[in-house]
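Spelled out from the first residue to the last, the chains are:
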There are 2 protein chains.
Amino acid sequence: MTDDAELKKAGLKVTLPRLRILELLESSDTTHLSAEDIYKRLINVGEDVGLATVYRVLTQFEQAGICIRHNFEEGHGVYELTPTDHHDHMVCVETGDIIEFKCDEIEDYQIKVAKEKGYEIVDHSMVLYVKPLKK
Amino acid sequence: MTDDAELKKAGLKVTLPRLRILELLESSDTTHLSAEDIYKRLINVGEDVGLATVYRVLTQFEQAGICIRHNFEEGHGVYELTPTDHHDHMVCVETGDIIEFKCDEIEDYQIKVAKEKGYEIVDHSMVLYVKPLKK
DNA sequence: CTAATTGCAAAAGCTTTGCAGCGCA
DNA sequence: TGCGCTGCAAAGCTTTTGCAATTAG
């Protein structure tokens with residue numbers, strides 16, 4: 001789907017700020033951007049955009065399911081395109097490597113545990129902090 | 001260990017605000033409090049404390065390992081005493097309720113998944129975002 | 001005594017909102 | 001043309017910091 005169509009599908013008019021922000025999110029070297037990051041990058045390439053617009057657009061994208069906002073421990077939110085395939089992350093505390101993984105059994109147990117408490121799962125976040133096995 | 005000893009061990013002078021905040025964190029019906037929560041409770045019982053002090057003390061407690069700060073998706077941090085027994089959290093997206101849970105099976109699979117990738121687990125964080133089951 | 005601690009107020013970040021003008025459909 | 005969208009500035013929130021007065025050890 002084109003960016004154009006993606007915006008229309010979300011009920012959003014196709015405007016320059018929205019297209020630029022969507023392109024930034026889609027570019028491979030720019031995952032996990034903050035609103036400020038996006039704002040600065042747009043300013044740097046000469047786009048006349050306001051920080052408030054960036055926040056508004058990101059919020060709209062999030063509500064439309066186009067992107068996801070993460071609240072890590074950095075004091076500000078970061079955004080990434082909604083992954084097509086769900087996965088969780090391992091972070092190596094020694095090398096900083098990030099390993100994506102998926103475990104159906106864990107997902108099943110999460111659903112089971114939630115149900116036991118009287119809830120159903122809307123979303124989840126799981127990060128494993130790991131170090132390499134000794135050889 | 002007494003609260004008094006706990007503070008001294010952390011290299012902190014035993015002051016009224018610190019004792020009161022530590023007591024609040026220890027009371028069973030008050031887990032996962034925000035700085036604002038703690039401040040209001042202290043004011044309500046007549047303690048003459050400043051919000052800035054609450055933030056400072058909580059930060060000191062966290063650095064001393066006395067408590068942990070969680071950044072769920074609420075727009076503010078919440079604190080709990082450092083758990084002696086590991087557990088994870090569910091956050092209800094409708095009510096904001098925080099439910100603690102523990103699932104050995106999930107922990108086992110986490111270890112297994114990490115090992116498959118050539119790692120061992122140092123720590124992890126897992127938060128399930130949930131909503132109540134329809135009755 | 002004296003360095004740590006505190007309350008207050010001001011400031012600092014991040015994010016949202018009010019508003020008048022601009023622009024997509 | 002009309003309503004949505006935008007930039008700007010101001011406001012809102014949570015959290016931090018400067019400072020003079022207070023207090024624990």
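Anything mentioned here points back to the structure above.
Values in this document were obtained by computation on a predicted structure and should not be read as measured data.

Caption draft 1: Examining the packing of aromatic side chains more closely. Counted under the stated rule, the structure contains one aromatic pair over all chains. Ring geometry for Y109(A) versus Y109(B): centroids 6.1 Å apart, planes at 35°, classification tilted. With one member in each of two chains, Y109(A) in helix α5 (residues 104-116) and Y109(B) in helix α5 (residues 104-116) form a pair that bridges those chains. For Y109(A), a relative accessible area of 24% translates into the label partly exposed.

Caption draft 2: Structural detail: the sheet that holds strand β3 (residues 88-92) of chain B. The mixed open sheet is built from six strands, whose spatial order is β4(A)-β3(A)-β5(A)-β5(B)-β3(B)-β4(B). Only two strands of the sheet have a single partner each, and these edge strands are β4 (98-101) of chain A together with β4 (98-101) of chain B. On average, adjacent strands in this sheet sit at an angle of 20° to one another, irrespective of strand direction. The sheet contact formed by strand β5 (residues 119-132) of chain A and strand β5 (residues 119-132) of chain B spans 13 bridges and is antiparallel.

Caption draft 3: Highlighting the interface of chain A and chain B. At the interface, 37 residues of chain A touch 36 residues of chain B. Both faces combined, the contact of chain A with chain B buries some 3,300 Å², and carbon together with sulfur accounts for 68% of it. Interface area lost by chain A to chain B is led by Y119(A), E120(A) and L133(A), which between them contribute 19%. Linking chain A with chain B are zero salt bridges. For the interface between chain A and chain B, the tally reads ten residue pairs in polar contact (both at pLDDT 80 or more). Among the secondary structure elements, those contributing two or more residues to the side of chain A that touches chain B are β3 (88-92), β4, α5 and β5 of chain A.

Caption draft 4: Structural detail: a nonpolar patch on the surface. Side chains of V93(A), Y129(A) and V122(B) sit close together on the surface and give an oily, nonpolar patch of about 240 Å² of accessible area. Relative to the assigned elements, V93(A) resides in the loop between β3 and β4.

Caption draft 5: Spotlight on the protein's contact with DNA strand C. Around DNA strand C lies a shell of 21 residues, among which Y55(A), T15(B), R18(B), D48(B) and T53(B) are the nearest. The sugar-phosphate backbone supplies 70% of the atoms of DNA strand C found within 4 Å of the protein. One of the side-chain nitrogen or oxygen atoms of R56(A) is found 3.3 Å away from a base oxygen of DNA strand C. At a separation of 3.1 Å, a phosphate oxygen of DNA strand C approaches a polar backbone atom of G50(B). Listing elements by their share of the surface near DNA strand C, those giving two or more residues are α4 (51-63) of chain A together with α2 (16-26) and α4 (51-63) of chain B. Looking at the surface near DNA strand C residue by residue, the classes come out as eight nonpolar, six polar and seven charged.

Calculation notes
Residues numbered from 1 in each chain as written. Chains lettered and ligands numbered in written order. Predicted model: local features only at pLDDT ≥ 70, side-chain atom pairs only at ≥ 80, totals over all residues. Heavy atoms only, no water. Phe/Tyr/Trp six-rings, centres within 6.5 Å; stacked < 30°, edge-to-face > 60°. Helix = DSSP H or I, 4+ residues; strand = E, 2+ residues; numbered from the N terminus. Buried < 20%, exposed > 50% of the residue type's maximum accessible area, 1.4 Å probe, protein only. Pairing = 2+ DSSP bridges. Axes fitted to C-alpha atoms, helices over the stretch in contact; angles between N-to-C directions. Contact = heavy atoms within 4.5 Å. Buried area = accessible area lost by both parts, 1.4 Å probe. Salt bridge = Lys/Arg side-chain N within 4 Å of Asp/Glu carboxyl O. Polar contact = N/O pair within 3.5 Å; in protein donor to acceptor, adjacent residues only side chain to side chain. Patch = residues over 30% accessible without salt bridge, like charges linked within 9 Å, V, L, I, M, F, W, Y side chains within 5 Å. Areas by Shrake-Rupley, 256 points an atom, 1.4 Å probe, with all protein chains shown as cover. Near = heavy atom within 4 Å. Nonpolar A, V, L, I, M, F, W, Y, C, P; charged D, E, K, R; others polar.

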